[in-house]
Amino acid sequence: MREKVERILQQAQEGIAAAKSQQELESLRVSLLGKKGQLTALLRGMGELDPQERPLVGQMVNEARGQLEQLLKERRQELEARELQERLATERIDITLPGLPFPRGREHVLQATARAIERIFLSMGFSIAQGPELEWDYLNFEALNIPADHPARDMQDSFYVTDEIVLRTQTSPVQVRTMQQMTPNLPVRIIAPGRVYRRDDDVTHSPVFHQIEGLVVDQDITMGDLKGTLRAFAYRMYGPQTRIRLRPSYFPFTEPSAEVDVSCTICGGTGCRVCGETGWLEILGCGMVHPRVLKNGGYDPDRVTGFAFGLGIERVAMLKYGIDDIRLFYQNDFRFLRQF
Amino acid sequence: MRVSYEWLKDYIDVDLSPAELAERLTAVGLAVEGLEDPGAGLAGLLVGKILSLAPHPDADRLQVCQVDIGKGMVQMVSGAPNLAVGQLVPVALPGAKLPGLESRLQAMEFRGVTSQGMLCSTWELGLGDTEADRAGIMILEEGQPGDKLSSALRLDDVVLVLELTPNYAVHCQSMLGVAREVAMLTGLAVKEPAIILPDSAHGAEKRVRVDVVDTELCPRYSTRIISDLETRPSPLWMQQRLRKAGMRPINNLVDVTNYVMLEMGQPLHAFDYERVQDKRIIVRPALPGELLITLDGMERELQEDDLVIADAKRAIGLAGVMGGENTEVGPATRHVLLESACFHPTTIGRTSRRLGLVSEASNRFHKGVDVNGCIRALDRAAALLAQLGGGRLTAGPIDVYPHPVPPKQILLRPARVNKVLGTELSGEEMANCLERLGLSVRRETAAWQVTVPTRRGDLQEEVDLIEEVARVYGYDRIPATIPGGMASEQLVTEQTMVQEQAGQILRGCGLNEAVTYSFFDRRDLDRLQLPAFAQQRRLIPLANPLREEQAFMRTLLFPKLLEACAFNASHQTLGGAFYEIGPVYLADDLPLQDLPAEELRLAMAAYGEIMSGGWSGRPVTAGFFWLKGVIETLAQGLHLGELAFRPSDQPSFHPGRQASLLCNGVPVGVFGEIHPLVAEAYDIPGPVVAAELDWQALAENKRLPEYRPLARFPAVHRDLALIVPDEIPAARVAAVITAAAGPLLDGIVLFDVYQGQPVPAGSRSLAYSLTYRSPERTLTDAEVDAVHDRVRTALQTELRANLRS
Ligand SMILES: [Zn+2]
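Residues numbered from 1 in each chain as written. Chains lettered and ligands numbered in written order. Predicted model: local features only at pLDDT ≥ 70, side-chain atom pairs only at ≥ 80, totals over all residues. Heavy atoms only, no water.

**Concerning the interface of chain A and chain B**
Contacts between chain A and chain B engage 89 residues on the former and 95 residues on the latter. Together, the buried faces of chain A and chain B total about 7400 Å²; carbon and sulfur atoms form 56% of this surface. At the boundary of chain A with chain B, the tally comes to seven salt bridges. As a salt-bridge pair, R292 of chain A and E461 of chain B come within 2.8 Å of each other at their nearest N and O atoms. The tally of links from chain A across to chain B stands at 40 residue pairs in polar contact (both at pLDDT 80 or more). The leading source of residues in the side of chain A that touches chain B is helix α8 (residues 223-238) of chain A, at eight residues. Looking at side-chain class alone, the side of chain A that touches chain B contains 39 nonpolar, 21 polar and 29 charged residues. (Contact = heavy atoms within 4.5 Å. Buried area = accessible area lost by both parts, 1.4 Å probe. Salt bridge = Lys/Arg side-chain N within 4 Å of Asp/Glu carboxyl O. Polar contact = N/O pair within 3.5 Å; in protein donor to acceptor, adjacent residues only side chain to side chain. Helix = DSSP H or I, 4+ residues; strand = E, 2+ residues; numbered from the N terminus. Nonpolar A, V, L, I, M, F, W, Y, C, P; charged D, E, K, R; others polar.)

**With respect to the domain arrangement of chain A**
Annotation of chain A at the domain level lists domain 1 (2-90) and domain 2 (109-337). Once you take the C-alpha centre of each, domain 1 of chain A and domain 2 of chain A turn out to be 89 Å apart. (Domains from an automatic or database assignment.)

**Things to note about the sheet that holds strand β17 (residues 307-310) of chain B**
Residues and elements named next belong to chain B. Overall, mixed pairing links the five strands, which are arranged β11-β14-β17-β18-β19 in an open sheet. The sheet terminates laterally at β11 (209-212) and β19 (322-323), the two strands that pair on one side only. Here four bridges tie β11 to strand β14 (residues 280-285), and the two strands are oriented parallel to one another. Counterpart to R209 in the pairing with β14 is R280. (Pairing = 2+ DSSP bridges.)

**Quick word on the side chain of S340 of chain B**
Residue and element names in this part refer to chain B. Checked against the element boundaries, S340 lands in strand β20 (residues 336-342). S340 sits in the buried class, given a relative accessible area of 0%. A distance of 2.8 Å separates a polar atom in the side chain of S340 from the backbone oxygen of C374. In contact with S340, not counting residues within four places along its chain, are Y221, S222, Q266, P267, L268, C374, A377 and L378. (Buried < 20%, exposed > 50% of the residue type's maximum accessible area, 1.4 Å probe, protein only.)

**A closer look at the coordination of the zinc ion**
Around the zinc ion, the protein contributes the donor atoms C264 of chain A (SG), C267 of chain A (SG), C272 of chain A (SG) and C275 of chain A (SG), which lie 2.2 to 2.3 Å from the metal centre. Viewed at the metal, the four donor atoms of the zinc ion are separated by angles of 103 to 114°, and the geometry they form is tetrahedral. (Donors = N, O, S within 2.8 Å, 3.2 Å for Na, K, Ca; no water. Tetrahedral: all angles 85-135°; square planar, octahedral: opposite > 155°, others 65-115°.)

**Thoughts on the pattern of salt bridges**
Opposite charge on two side chains permits them to pair, given that their charged atoms come into close proximity. All names here are of chain B. Counted by the stated rule, this structure contains 62 salt bridges over all chains. Between D156 and K148 there is a salt bridge; the shortest N-O distance is 3.3 Å. Given the relative accessible area of 43%, D156 is considered partly exposed. One salt bridge connects R456 with E468, and the closest N-O pair in it is separated by 3.2 Å.

**A look at the packing of aromatic side chains**
Counted by the stated rule, this structure contains 21 aromatic pairs over all chains. Judged by centre distance (5.2 Å) and plane angle (70°), the ring pair of F121 of chain A and F126 of chain A falls under edge-to-face. What makes F121 of chain A buried here is its relative accessible area of 0%. The class of F126 of chain A is buried, set by a relative accessible area of 2%. Considering the side-chain rings of F336 of chain A and F340 of chain A, the 5.2 Å spacing of their centres and the 65° angle between planes classify their relative orientation as edge-to-face. F340 of chain A gets classed as partly exposed once you look at its relative accessible area, which sits at 26%. Taken together, the ring pairs in this structure connect F121, F126, F233, F307 and F309 of chain A into an aromatic cluster. Across from the ring centre of Y273 of chain B, 4.4 Å away, lies the NZ or CZ of K279 of chain B, which sits over that ring. Directly above the ring of Y682 of chain B sits R527 of chain B, whose terminal nitrogen or CZ lies 5.5 Å from the centroid. (Phe/Tyr/Trp six-rings, centres within 6.5 Å; stacked < 30°, edge-to-face > 60°. Lys NZ or Arg CZ within 6 Å of the ring centre and 35° of its normal.)

Here's what the structure looks like:
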């Protein structure tokens, strides 16, 4: 009996080891442990044994059964692993094929630049104000202290609709509009982004372009506040290594007036082609709101002071990306738009 | 304004290098645009002296010269006709580089005789382009053999090119003005030029009578007569200073007037005294239609608002702008009537602009000259004329100045200075700043009295003085602070935020943001097939457009995007999609009496292949349902509420493929396929789709998303396929289903539309997936069957649908 069991075990071990597939293994299992399997047959034949031998043989057969089940399980796992491996090997793909396309429209680089600037000032407590593009000549010029014979009022420079209505040449009329709307409330702290127009068309001038105007009016606003605000803006826009400088300049609606330069974003201030070897880039004009403009806005210049600034979005974007032709912004050429 | 550094040193002992000076001037508002080297190109060239001349043995027209170049002798061969022994000439030795030439000079042989370089003409040196400049070798007036040529020509210098803002143009458009700024910067003193007038002549007194008709137009007219002059070229130093300042030397008489203008800022004019009729000068408005031939040879027709200088008979000059040919000084001139006057700035500006005659003089008068500087300039010029032309003073100064202008007094509150600037300057410091500009300050009263010389016409009121204090103190020394106080409430207009959100959604759908011009071409209206009565035809015209295509303000936005599509199509791009949120300009009445409405529109346009399918997928192409899908996605993303689509008949769109869009029942615009003829007119390969939506009307509908509790009970799905005639819109089918199903219907999806065999012609098959669900319990099959049967019956009875499942 013992020999019988051991022979079965012996043969089964060889058969299991030689099985090449799970199917083969399964038929092996059936032939050993199935209802008509060899071990099952042995157990069934136990009736013919001496009752004293029965427990012993039973135990032996059960041990063999346990052993075989273990062997089968191990072999099955082996085969499973190998089959998985083989299947995965056939599933190899060319990972260098391009990924599937998704639609992604681009934000126009001008608008992206404008929004970046807006966000900075919004986070500094400014609100957005707006005004019309077809503007009263009075608000575009006279209310801003630009007298009738000022060169800026040359017909050559401005688009006129009627004698009294002009395509605004700057966002500055929004200054006056906002003050007239808010007076006598304080503080006034706004930015006014928008389209403006000049009668000019070449590589650096576009008849339509974009500006952002800023205006702060309150008691005790100083030129130092103007400097601090613009410095904070420059840090956020160009990075904390940025330096700014204010140079005296002239705008009819501010006094003192200044041009603001930032240290060149390309060379960091050592001088390069973009900054014309000066190390500085001129980015905006600003100044303390002229008393007459405050008055036109409905505030008493002896009680309040203010500062204003204006920057050209095209210029900021051109400097930032080294774009050399302003007309690219308005052609909407996909080859251009997709670069941003 | 071009400032020669060498010339500037006549007036101030500045020891800053030109580059340092440029930086300091820029910091006080005199922006230096660039530094120029007037001798650039002359590097390596020398002065030579011709010691001997001999004919070339084998060439008739060549001469062989021995030239002393300081450190030795060289032999040169030249064909120039104007050589003589003893002349100083420019010499270029082998290895030198002449301006405008790429290669370096080499020794050359002319028929067996070696030339160790060349002698140069003015033209070859790049210093002149006249016939005379080319005809012969340049003969030098100054220098020693071996000297640098640039130094012998007085071109060893640096020119600072100033870009002056209008306020500084008044007092900085002169060498002395710039010198005063340098004095302010450095604390050095300005050295005024010494004016040494020769004794007046005896005997031959000349006379002139001056009448000023309108002293407002001409507050001051002063003159002198200088006699017995000889017209000749000015000395080299004067010629070169004029050239460096950007003016052309003419002769000593004209050059002196220009030189003094550059030096002092006062324009001057020299008349030929003998040609002034009856020896009278009358300053008067021009007669209407009066003619004058100006110095440039052009006949000018004048108007009453022009100001002329006339003699007894006729106009002899256009005041402040240009002299007349009839009294021009020339080689024959012996006596000069010198004018130093002050004219009304706006009048001069207007005349010079109208006639297109903008000169150094008219520019200065237009910005305003110092009325109290006339006589100094007159005397300075008279002295120089006497010195350079050998003349004598025979009359003057005659000075018509009936209302002398005193220096201006301006009140300055010192506290105000610190309040505006944010500084803590002491009174001492402020006063010092102003005094460095030549202003005098009386500090006895709370508001100081500041006296401003008339040359600073730009300083008119307190705030001008505050700016001057800031400028002198230094903008860089003003402390940077952040404005205090509460931040104003963040009124980021809802509109701005919604716009940004809409942009994100549209870009997610593959549309690119465009930025277009605000203009229309009148021909756009026809390209768009707009009928005669269309209100979009009421274009606002510009009075002075740059060009015909940009002569009107746009009344529609999507055509601008069609242009963008056309531009890309013409650049071999197979397709793409755009959106823009921007204004259109709508007039109620023309011509405009009031500001027109500026309405924000959301426009979209697409053509061709919007997104490639890559190597496996199917491409996305422009079509009605793509655009409708974009609009639906946008509405869902912004939570705009219910959309509805109605038939529409806009002539720019395909008659059968356009829809009017309603948002919560309110029409907000139109979209669809562009009419093929319109697409053709814009030159875009079809099909093209576009939308024009009223952005404000649309964005107003933005709501908070409405939260509903999640379903707790399972859903039951049933499919439904039916055949209906083509005329029955899908929306009607869906409406019937929804109405019949009642509250248990939780969702309806159209998942197939089919036309063709075996569906009969004129009909189509629609397949829906319906979801039934109750919020209160799990539905039984029987309950669902009952509802679904109701739906089937309704479709059969109301639409005569043929149910296939
Ligand atoms: Zn740089």
